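# Report on the structure
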Amino acid sequence: MPNMTQLFYLTDQLSDSAKTYQATSGFCYMLVLCSKRAAVVHLTFKSSPAVLTLEMRCPGKPAHPLLASFISHMSQGGRGHWDASLGSLPRVPNHSGCEMGELTQTGVVQHLKNGEILHQAYIRRHKLLPQDWSPRQVFMESTGKSRTLQSGLALLYGFLPDFPWSKLTVRQQWSTLFCGSSCDCPARSRYLDLEQKRQYRQRTSDTELERNYIDMAAALGVATRTLRAANPVDSLLCHLCHGLPFPCASANTKANAHIPGACLTLSHFAVIRRQQRDDERERQEAGLYRRYAVLAAHPYLNRTALRMEAAVRRKRKVTEDPVFVLASAHDVTLAPLLSALGLEGAGFPRFAARLVFELWRSPEAKDGKGKKGGAVEDAFVRILYNGQDLTFDTDFCRDHDRHSARPLCPLGNFLNFVRRDMFSVVNATSYQEACHRTVL
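As a starting point, this report considers the structure included with it. These numbers come from a predicted model, not from an experiment.

Parameters and conventions
Residues numbered from 1 in each chain as written. Predicted model: local features only at pLDDT ≥ 70, side-chain atom pairs only at ≥ 80, totals over all residues. Heavy atoms only, no water. Disulfide = S-S within 2.5 Å. Buried < 20%, exposed > 50% of the residue type's maximum accessible area, 1.4 Å probe, protein only. Helix = DSSP H or I, 4+ residues; strand = E, 2+ residues; numbered from the N terminus. Pairing = 2+ DSSP bridges. Contact = heavy atoms within 4.5 Å. Arc of directions from axis to C-beta. Core = buried A, V, L, I, M, F, W, Y, C linked by side-chain atoms within 4.5 Å.

### Concerning the state of the cysteines
Using the criterion set out here, one finds four disulfides in the structure. Disulfide pairing is shown between Cys179 and Cys183; the S-S distance is 1.8 Å. When the S-S torsion is 95°, as for the bridge of Cys179 with Cys183, the disulfide is right-handed. Classification of Cys179 as buried rests on a relative accessible area of 4%. With its sulfur 2.1 Å from that of its partner, Cys397 forms a disulfide with Cys409. Between Cys397 and Cys409, the S-S torsion sits near 120°, and that sign places the bridge as right-handed. With Cys397 in the loop between β10 (388–389) and β11 (409–410) and Cys409 in strand β11, this pair connects stretches of sequence that are 12 residues apart. The class for Cys409 is buried, based on a relative accessible area of 1%.

### A word on the pairing of strand β9 (residues 379–385)
Burial within β9 is extensive, with seven of its seven residues counted as buried. Every second residue of β9 is oriented toward a common face, with Ala379, Val381, Ile383 and Tyr385 on one face and Phe380, Arg382 and Leu384 on the other, all of them buried. Alignment of strand β8 (residues 354–361) against β9, held across seven bridges, turns out to be antiparallel. The partner of Trp360 across the bridge, within β9, is Phe380. Examined bridge by bridge, β9 and β11 share two bridges and lie antiparallel to one another. Each residue of the ladder has a partner; that of Val381, found in β11, is Cys409. Relative to β10, β9 is paired through two bridges, and the arrangement is antiparallel. The partner of Leu384 across the bridge, within β10, is Asp389.

### Some points on the side chain of Ser339
Its location among the elements puts Ser339 in helix α10 (residues 331–340). Among the residues examined, Ser339 registers a relative accessible area of 2% and is labelled buried. If we skip the residues at most four places from it in the chain, Ser339 touches Tyr289, Arg290, Ala293 and Glu344.

### Some words on helix α1 (residues 67–74)
Those residues of α1 lying buried are Leu67, Phe70, His73 and Met74. Looking down the long axis of α1, one finds its buried residues gathered within 135° of arc, a one-sided arrangement. Looking at the buried positions of α1, the neighbouring elements they touch are α2 (105–125) and α3 (146–159).

### A closer look at the nonpolar core
Leu295, Leu301, Phe357 and Phe414 are the most contacted members of the largest nonpolar core, which has 61 residues in total. Ranked by residues supplied to this core, first place goes to helix α9 (residues 288–313) with 14 residues. Core analysis: the next-biggest nonpolar cluster, separate from the first, contains 39 residues, Val92, Val108, Met140 and Trp165 among them.

Interpretation note: all reported values are geometric properties and have no functional meaning in isolation.
Here it is in structure tokens:
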């Protein structure tokens, strides 16, 4: 579990020359990754010839002081406006058996604390939202999974404590790529297929990884193929992040274990993580995932760009403008976004990871002395990932002189990247052209 007191240090990361710039009347666009599993006290393996399932037991009553007020507020969620099936999902973790992949208490607390830090940075320091904000100024969207909905609501509650439910509308995204009406892209599917085949070849050729799976299966008393198919790294990561002992053979499988009382160990986990790091390096060299990522991320980035441009082109601030946009998503949403932006060095997203797009304007624009040509020329963008300013690591602003008279990244760079430049890696100039190219 990351140190939650160090996740966000947002606006003070600007250089002295940049601190005179103003947060626009546009918005902060944030994508947050759910924190899937937490506070697990026991794990039991049940085996069958072809499947390995995991059972988790949750703690009983809420154990953290931040949870009481959050749970109370969520109980009033019927007053909110819910898109599609979201209204029928639980707004707090309530599984008596902690089903695999569901959010639990520790995950909720992580998002609540992150929201509190964001509240200090954006609300208290920069007055991003007025106290009487209108329903259209806050926008939230989530996929139809309870863990993403709960993650988004927990962060929003930390960000806007006791927010009025009557002002909140939560929209549902049917695709984990948040691609809306632009999901049809044959080339994207083909690149993903090629990338998955590359991953399979890389895994099966790793002899140390195969020996590791054999040792793990022997310790648990299950077949190697069963353990491999269960993708144990996800479960082991959850145990590691919460300081829990790794699983051992259960009563059902103990008789099959080669070493009585054996358990999985940190050494087993280390081999899997080593293979994942090797795969990340090979993935960057092969370039297939980057091509997939550009096509997977474009619809989301394009919506972000359109909202930013609309915000800066309006001549005056109106209460109907979106100011804070929150999307609660998955690792398969965030990973291609990072790759498409040129941030492949950031690694695979961890639990509760966040990608933030900030919109800024120059002090000249505020005084009516901006550049000739309009509002876009006086607007700037910052990209923050888990609290770190990575703007000048992105493909669209890597070459910008941050020590110039205008030290922030021009919004125009981002708009040009989304609309044209990002497709250069697939030898195209538009999303439609790229999606319908033949991929061999």
